[in-house]
Every structure is written in C-alpha cells, then in structure tokens.
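Structural characterization, general
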2 protein chains.
Amino acid sequence: MSIKRMEQHRSFDGEQCKYSHYSEVLQCDMTFSIYLPSNKEGKKIPLIWWLSGLTCTDDNFSQKSGFQRLADKHQTAVIIPDTSPRGEHVADDDAWDLGKGAGFYLDAVQEPWANNYKMYTYITEELTDIASTLVPNFSGEESIMGHSMGGHGALVIGMKNAARFKAISAFSPILSPSDVPWGMKAFSAYLGEDRDAWKEWDASELIKETGIPPILITQGTQDSFYPEQLDETTFLANAQKSHQAVTYKKADGYDHSYFFIASFLDDHFAFHMKHLG
Amino acid sequence: MSIKRMEQHRSFDGEQCKYSHYSEVLQCDMTFSIYLPSNKEGKKIPLIWWLSGLTCTDDNFSQKSGFQRLADKHQTAVIIPDTSPRGEHVADDDAWDLGKGAGFYLDAVQEPWANNYKMYTYITEELTDIASTLVPNFSGEESIMGHSMGGHGALVIGMKNAARFKAISAFSPILSPSDVPWGMKAFSAYLGEDRDAWKEWDASELIKETGIPPILITQGTQDSFYPEQLDETTFLANAQKSHQAVTYKKADGYDHSYFFIASFLDDHFAFHMKHLG
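Residues numbered from 1 in each chain as written. Chains lettered and ligands numbered in written order. Predicted model: local features only at pLDDT ≥ 70, side-chain atom pairs only at ≥ 80, totals over all residues. Heavy atoms only, no water.

It is worth spelling out the overall build of chain A at this point. When its secondary structure is counted, chain A shows eight helices and nine strands. In summary, chain A has a C-alpha radius of gyration of 17 Å against a globular reference of 19 Å for 277 residues, a match within 12%. With the C-alpha coordinates of chain A rotated into their principal frame, the extents come out at 50 × 40 × 35 Å. Sorting the 277 residues of chain A into buried and exposed places 61% on the buried side. A sequence separation of at least 24 residues applies to 72% of the contacts in chain A between residues at least 6 apart. Working note: accessible area of chain A is about 10,500 Å², and carbon and sulfur atoms make up 47% of it. (Helix = DSSP H or I, 4+ residues; strand = E, 2+ residues; numbered from the N terminus. Rg over C-alpha atoms; globule rule 2.2 N^0.38 Å. Buried < 20%, exposed > 50% of the residue type's maximum accessible area, 1.4 Å probe, protein only. Contact = heavy atoms within 4.5 Å. Areas by Shrake-Rupley, 256 points an atom, 1.4 Å probe, with all protein chains shown as cover.)

This part covers the interface of chain B and chain A. With 21 residues of chain B in contact, the opposing surface of chain A contributes 21 residues. Taken together, both faces of the contact between chain B and chain A bury some 1,800 Å²; the carbon and sulfur share is 53%. The tally of links from chain B across to chain A stands at 11 residue pairs in polar contact (both at pLDDT 80 or more). When contributions to the side of chain B that touches chain A are tallied by element, the ones reaching two or more residues are β1 (3-11), α1 (58-64), α2 (67-74) and α8 (258-275) of chain B. (Buried area = accessible area lost by both parts, 1.4 Å probe. Polar contact = N/O pair within 3.5 Å; in protein donor to acceptor, adjacent residues only side chain to side chain.)

What follows deals with the packing of α2 of chain B against α8 of chain B. All names here are of chain B. α8 packs onto α2 with a crossing angle of 30° between their chain directions and a minimal axis gap of 10 Å. What the angle tells us is that α2 and α8 run roughly parallel. Seen along the crossing, α2 lies across α8 with a hand that is right-handed. In this structure, α2 contributes F67, R69, L70, A71, K73 and H74 to the contact, and α8 contributes L265, D266, F269, A270 and M273. Tallied by class, residues from the contact of α2 with α8 come to seven nonpolar, one polar and three charged. (Axes fitted to C-alpha atoms, helices over the stretch in contact; angles between N-to-C directions. Parallel < 35°, antiparallel > 145°, perpendicular 65-115°, else oblique. Left-handed = near helix turned anticlockwise from the far one by under 90°. Nonpolar A, V, L, I, M, F, W, Y, C, P; charged D, E, K, R; others polar.)

Think of it as a corkscrew move, a rotation about one axis and a shift along it, taking one chain copy to the other. Superposing chain B onto chain A requires a rotation of 180° together with a translation of 0.0 Å along the rotation axis, leaving an RMSD of 0.0 Å. Expressed as an axis order, the relation between the two copies is that of a two-fold axis. Mapped onto chain A, 100% of the interface residues of chain B are again interface residues, and the two copies thus contact each other with one and the same surface. (Least-squares fit on C-alpha atoms with pLDDT ≥ 70 in both.)

Right, let's get into unusual backbone geometry. Residues and elements named next belong to chain A. With an omega of 5°, the peptide bond between Y226 and P227 qualifies as cis. With respect to the helices, strands and loops of the structure, P227 is situated in the loop between β8 (215-220) and α7 (233-241). If you check the backbone angles, F12 has positive phi at about 50° while not being a glycine. For F12, the position within the fold is in the loop between β1 (3-11) and β2 (14-23).

Residue and element names in this part refer to chain B. The strand order across the open sheet built from nine strands is β1-β2-β3-β5-β4-β6-β7-β8-β9, with neighbouring strands paired in mixed fashion. The open sheet has two free edges, formed respectively by β1 and β9 (246-251), since each of these has just one partner strand. Taken over all neighbouring pairs, the strand axes of this sheet differ in orientation by 20° on average, direction set aside. For strand β3 (residues 28-36) and strand β5 (residues 77-81), the ladder comprises four bridges, and the chain directions are antiparallel. Counted as the bridge partner of I34 is I79 from β5. Here helix α4 (residues 149-160) sits on the sheet in contact with β4 (45-51), β6 (138-147), β7 (165-171) and β8 (215-220), set at roughly 140° to β6. (Pairing = 2+ DSSP bridges.)

Take the sheet that holds strand β5 (residues 77-81) of chain A next. Residues and elements named next belong to chain A. Reading across from one edge, β1-β2-β3-β5-β4-β6-β7-β8-β9 is the order of the nine strands in this open sheet, with mixed pairing throughout. Only two strands of the sheet have a single neighbouring strand rather than two, namely β1 and β9 (246-251). For this sheet, the mean inter-axis angle between neighbouring strands, taken without regard to orientation, is 20°. Here helix α2 (residues 67-74) sits on the sheet and contacts β1, β2, β3 (28-36) and β5; the angle it forms with β3, its principal contact strand, is near 55°. Each of β8 and β9 touches α7; the most contacted strand, β9, lies at about 150° to it.

This part covers the layout of surface pockets. Approximately 700 Å³ is the volume attributed to the largest pocket. What lines the largest pocket is a set of 43 residues, and nearest its centre among them are K64, S65, S257, Y258 and F259 of chain A. Elements with a contribution of two residues or more to the lining of the largest pocket: α1 (58-64), α2 and α8 (258-275) of chain A together with β1, α1, α2 and α8 of chain B. For the lining of the largest pocket, a count of residues per class yields 17 nonpolar, 20 polar and six charged. Roughly 390 Å³ of internal volume is contained in the second largest pocket. Together, 19 residues line the second largest pocket, and K64, H147, H256, S257 and Y258 of chain B are the ones closest to its centre. Within the lining of the second largest pocket, the residues separate by chemical class into seven nonpolar, 10 polar and two charged. (1 Å grid on protein atoms, 1.4 Å probe; cavity = no way out; pocket = protein on both sides within 12 Å on 5 of 7 lines; lining within 4 Å. Points joined across faces, edges and corners; volume = space filled by probe spheres on them.)

So, on to the environment of F235 of chain A. Residue and element names in this part refer to chain A. Take F235: it is sitting in helix α7. According to the relative accessible area criterion, F235 is buried, its value standing at 0%. Through-space distance from the C-alpha of F235 to that of V246 is 9.8 Å; in sequence the pair is 11 residues apart. When near neighbours in sequence (up to four residues on either side) are disregarded, F235 contacts L155, M159, L175, S176, A203, S204, I207, I215, I217 and V246.

What the rule picks out here adds up to 34 aromatic pairs over all chains. With a centroid separation of 4.8 Å and 80° between ring planes, the pair formed by Y254 of chain A and F264 of chain A is classed as edge-to-face. Here F264 of chain A lies in helix α8 and Y254 of chain A lies in the loop between β9 and α8, a separation of 10 residues in the sequence. The class of F264 of chain A is buried, set by a relative accessible area of 17%. Through a chain of ring-to-ring contacts, three or more aromatic side chains come together here, namely Y35, W50, F61, F67, F171, Y254, F260 and F264 of chain A. Residue placement shows K160 of chain B over the ring face of W201 of chain B; its charged tip is 4.3 Å from the ring centre. (Phe/Tyr/Trp six-rings, centres within 6.5 Å; stacked < 30°, edge-to-face > 60°. Lys NZ or Arg CZ within 6 Å of the ring centre and 35° of its normal.)

So, in structure tokens, the structure goes:
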C-alpha cells in the first residue's frame, strides 16, 4: 500500500491534506482528502467520514463547507473520499448522474461497471485501512455524514455497518433510491433490473433493521431536487415502524448548495461529537 | 443603471446573491456577489468590501472562505467585486498575472488597457452606487479587506479614501508593487514606464500620508509568494516613520490559500467591526 501526499495546508490549527494512491479495489488511481486536527492535548482522535454528492470530488467539501473550523474545534479527523473511480480506462457515461462522479457508494455487478465501480468496498475496507494509518492517536471511533448521493452513501454504509459507525447524518439525502430517477437509473446500470438486488443499497429498506446508529437529516425547503429525488415519506414511515432514532429537519428557504451545508454543519458536528463520546 | 440578480442562496440567516450588470466605467458586463445579513433586529447595517487576488472572480471568497457565518454573526453586508473587466472585446494577456483576472484595482492609462481597465473608478464610484441600493438599512459605514493583489487593492483604495473607510485589512498583500515582479509587470503595462505615476497606486508610498484608517495585515510564513512578491520591509518602515496604526502579523506555517484566509477571518472581522462601531 503506497500513498503519496499531494497537498498539505495548515488550516485553523490542524492540517488539510490531499493524497493519491492506487486502489486495488477500484483498479485505478484515486485521490482523497483528510483533515487532521492539531491535537495539542494528545487526546484520542475520532474519525468522521464525509461522502459527497453527484459530480463532486473530495475538493467540494474541503473547499466549500468550512468544516475545518469545526473539526479543529471538536478535535476530530475528517476523511473525504472521491465519488467514483477515475481514469481514462474507467467506464463512464455522458450523463452527469451516471459513471464518473456518480459511484453511488455501492459495489456494481453489471458490465461495464463491475470492474471499477466498487466504492462500497473501497471505502469500508481499503480506504479504512489507509485512514487508520494517517490519523495519529486514532481512537477507533467513527461516524459518517454526506450530501445528496453522499447522504444516501452515508446512510447505507452507516446502517450496513451499524456496529462500526456511532452516528449517521445527511444533508438533502437520496432516501429512496429505488423509487426516484437518480437512483433508479444508477441502480439499473450498476446492479441490473432485479429490484430485489437494490434493497441492500436502499436506505428506506435498511432502516427496517434494528440496532442502527442514531440518524440526523437536514433538508432545505427550496432545494430544486426536493421532493422529486429526495422524498422522505417512505424512509420516515419505515423508520417509525421500526422505532429508529431518526431526526429529520426541514430548513426553511435553503437550497441544495454548499451555502446550505455550511449553514448547518455546526449542528451536524455537534450531533456526531455527542455520539463519538 | 440596470442590474440583474443571477443567484440567490439562503446562507446562515442571510442571503448570498450574485448580480450582473453593464458597467459604464469598464465598458463591459460585470458580475459581483453580495451578502446581506438577516437583520432581524432592523439595525443599521455597515458594508465591508472584499477584493480578491490574481485569477479570482467574485466566487472564490464567496465559496471558499466561509465568511457568511461571520457576516451574519456581526450583521454586516459584504460586497465582492470581480478582479478585472471581462468579455471577448476586453484586452487580455496570455499570462495569468496581467489582463483579465489581474486588474490591480487601478485606472489604466496605457493602451490597450485604458479602455476597460478602470477598476479603481468602477469600485469607488459605480459599484459603490449600486451597493448603496442593495443594502437595506445601510448605515453608510464602510471598510475594506482583500487578499494578495486584492490586499494591495484594499490598502490603496482604503488609503486613497481615508475619510470613507473605517478600517483596512489584508491577507498576504502585495505591499510594494513598484518593487516586486507582479506589480512592476502590471504597472508597466497599465501605467507606463514613468515610475512617478506608480506612486499613487503603491501602498508603501500611500502609507507616508497621515490620517489613514487603522490597518491589520496577516501573512503566512509558508506562503510560496513570500517574500518575493509580498515583502513588507518598505511598507512597515514607512508606516513607522509616519506613525500609522499598522498591525502586521506573521502566521506560522500558513500558505497563500483560502485555507489560510478561512483560518484568520474571525480576527479580521472582529477588527473591522470594532472600527465600524
């Protein structure tokens, strides 16, 4: 496992870094970003995962959210993966909601995607191993958050690994991918037409299980993708049936942008830190 | 005067907007951004000007600094001009440090620049008039800040209009443009080879005057453009001779990026608000 640091910026009292490495799981070169707090007191440091939305790379959250102030304040590391495999040899689609920039945080089984589109295994295994080597004094405690497609990713990865992640939060997540245009298009391509195979990647199905981590969701009311792509009805109904700890907040007047995310990141970090002990 | 709102995002409790308009001064279409705080208490609102650096537009500070949190906290409007005239018919240069994205906040007198490159008059007159119509309950109080070339711009505009601006601050500013590569190249092109004509656009000359506003400067020690482009020696020597209220801070380990700006924006806003009453 060989990784290379491409960028290092002092940011608040910590460091914002960008790395590249060859991913065995994805069979391509990948980049990711990570923030390491100053840890002046030498404490154990937890790790929060941020998963970005369609078309994003690791740069969007790094550059547009202002999260570093909060990560330094709360003394937590934050890791930001890219949103899909990358490279000339990697399958793609002309549309911005399929292929590169649109990995949907699942493991594809259909051609031409199955060779590279294994973002779930990449994040939960390969990048997890890398992260554990980069966070000094890592406490071993983790939580996960994301935006839009990355909100879907945070919920799916968090619920499929309920013992591992202490909390899950999402901004304007795709909550019922099997029933909305973005999700149906991606799942058809990556997973095939058998809708039963979609269930393990659908937050509205996974929420039926018991013992999942506490969940916080914030959704802007002026989001141009709401409710078409981001409808919460099924997810919340199923969460209620299985008595899950889900907090779903509507944010009046906010849209789908990073201006919205930046406005509520304080709340989300506070939620995560409460559960990260 | 006709301006058009292109974007409007709720951001913290205020609004982040982007406008376009035809500039009579610059003879081209221009865009700018402005943040308006919520002003729930109906108070008088001051206005802070932000001037960006080489290659930037109004988007860099809007999207990368996280300033909206502070503007909303302190209840101040912030206006962010572009860094040069724009458009197919506007003179340009292949280099990134001359022409478009590199207006240097002065009024050019040399061809081919003199037709459009009048950023000083654009900001201090035309955009000033527009701003006064956009800020509800405007107190009339203003201050100015900027980064790199925009730090030069903030110092020059602030000192040339000492009665108007209550405070000036800059991140990694070009302090002696007449003596560093970026400034010498731009001044030669825009102003001609007579170095006497450069003095009125050089912060190290203007600081010799009396009665200028209080100044705060923060400079990262790991800035790759420091000290070559950003040397402070002459500026500080002249400030001391004329007994100016200049605070110059070195920030250990920080570079020239928006990660650096975001880290110290809290200090700069506090400085401005102290002087904006």
